[in-house]
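# Report on the structure
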Amino acid sequence: MSAFSDTKSEAANASSSLSNDARDDLERRLVRKLDRRMFVMVILYALSNLDRSNMSSARLAGFEKDLHLRGSQYATLLSIIHVGSIVMQVPG
């Protein structure tokens, strides 16, 4: 517990010793880095939703017939895809 407190106080001391310009530059770089990461996550989320909505459209357009799916194979395929997408969306 004390190691965390020491680290926190060191970070506070380091940030107080920075000049305003250096602190602003550091903050801009941090925000830019976070924006880039969030942009990628938003794009992946949008593509994931697009894929999920296209699955029902594909079924109506003859997806099952083209792949010769029988019975509950389409539902099994959807389950596999959804589990895969949920697992991939969990932050690592």
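These figures come from a predicted structure and were not determined experimentally. Sequence positions are assigned chain by chain, starting from 1 and proceeding in written order. Totals for whole chains, interfaces and linings use all residues, but because this is a predicted model, local features are given only for residues with pLDDT of at least 70 and pairs of side-chain atoms are given and counted only at 80 or more. The basis for every side-chain value is the complete set of heavy atoms in the structure, and neither hydrogens nor water enter the calculation.

### A few points about the confidence of the model for the protein
The score called pLDDT rates the predictor's confidence residue by residue, from a low of 0 to a high of 100. Mean pLDDT over the protein stands at 79; residues scoring 70 or higher make up 80%. Secondary structure counts use DSSP, requiring at least four H or I residues in a row for a helix and at least two E residues in a row for a strand, with both numbered from the N terminus. Confidence, read as mean pLDDT per element, is least for helix α1 (residues 2-17) in the protein (58) and greatest for helix α3 (residues 63-67) (88).

### Concerning the pattern of salt bridges
We define a salt bridge as a contact between a side-chain nitrogen of Lys or Arg and a carboxyl oxygen of Asp or Glu at a distance within 4 Å. Applying the stated criterion to the full structure yields 3 salt bridges. Of the charged contacts in the structure, one is a salt bridge between Asp25 and Arg28, with a shortest N-O distance of 3.8 Å. Taken as a pair, Asp25 and Arg28 lie in helix α2 (residues 20-60) at a separation of 3 residues, close to a single helical turn. For the exposure calls, accessible area comes from a 1.4 Å probe over protein chains only, and a residue counts as buried if that area is under 20% of its type's maximum, exposed if over 50%, partly exposed in between. Looking at Arg28, the relative accessible area reads 47%, which means it is partly exposed.

### Thoughts on unusual backbone geometry
Not every positive phi belongs to a glycine, and His68 is a case in point at roughly 55°. Inspection of the secondary structure puts His68 in the loop between α3 and α4 (73-89).

### Overview of the packing of α2 against α4
Angles shown run from 0 to 180 degrees and are taken between the N-to-C directions of axes, each axis being a line fitted to C-alpha atoms and, for helices, limited to the stretch in contact. Contact geometry of α2 with α4 gives a least axis separation of 12 Å together with a crossing angle of 175°. With respect to each other, α2 and α4 are oriented roughly antiparallel. Here Tyr45, Ser48, Arg52, Met55, Ser56 and Arg59 of α2 lie close against α4, whose contacting residues are Tyr74, Leu78, Ile81, His82, Ser85 and Gln89. Residue classes follow a fixed rule: Ala, Val, Leu, Ile, Met, Phe, Trp, Tyr, Cys and Pro count as nonpolar, while Asp, Glu, Lys and Arg count as charged, and any other residue, Gly among them, counts as polar. The class makeup of the residues in the contact of α2 with α4 is 5 nonpolar, 5 polar and 2 charged. In these notes the angle categories are as follows: under 35 degrees is roughly parallel, over 145 is roughly antiparallel, 65 to 115 is roughly perpendicular, and the rest is oblique. The contact definition used throughout considers only heavy atoms, calling two residues in contact when any of these lie within 4.5 Å.

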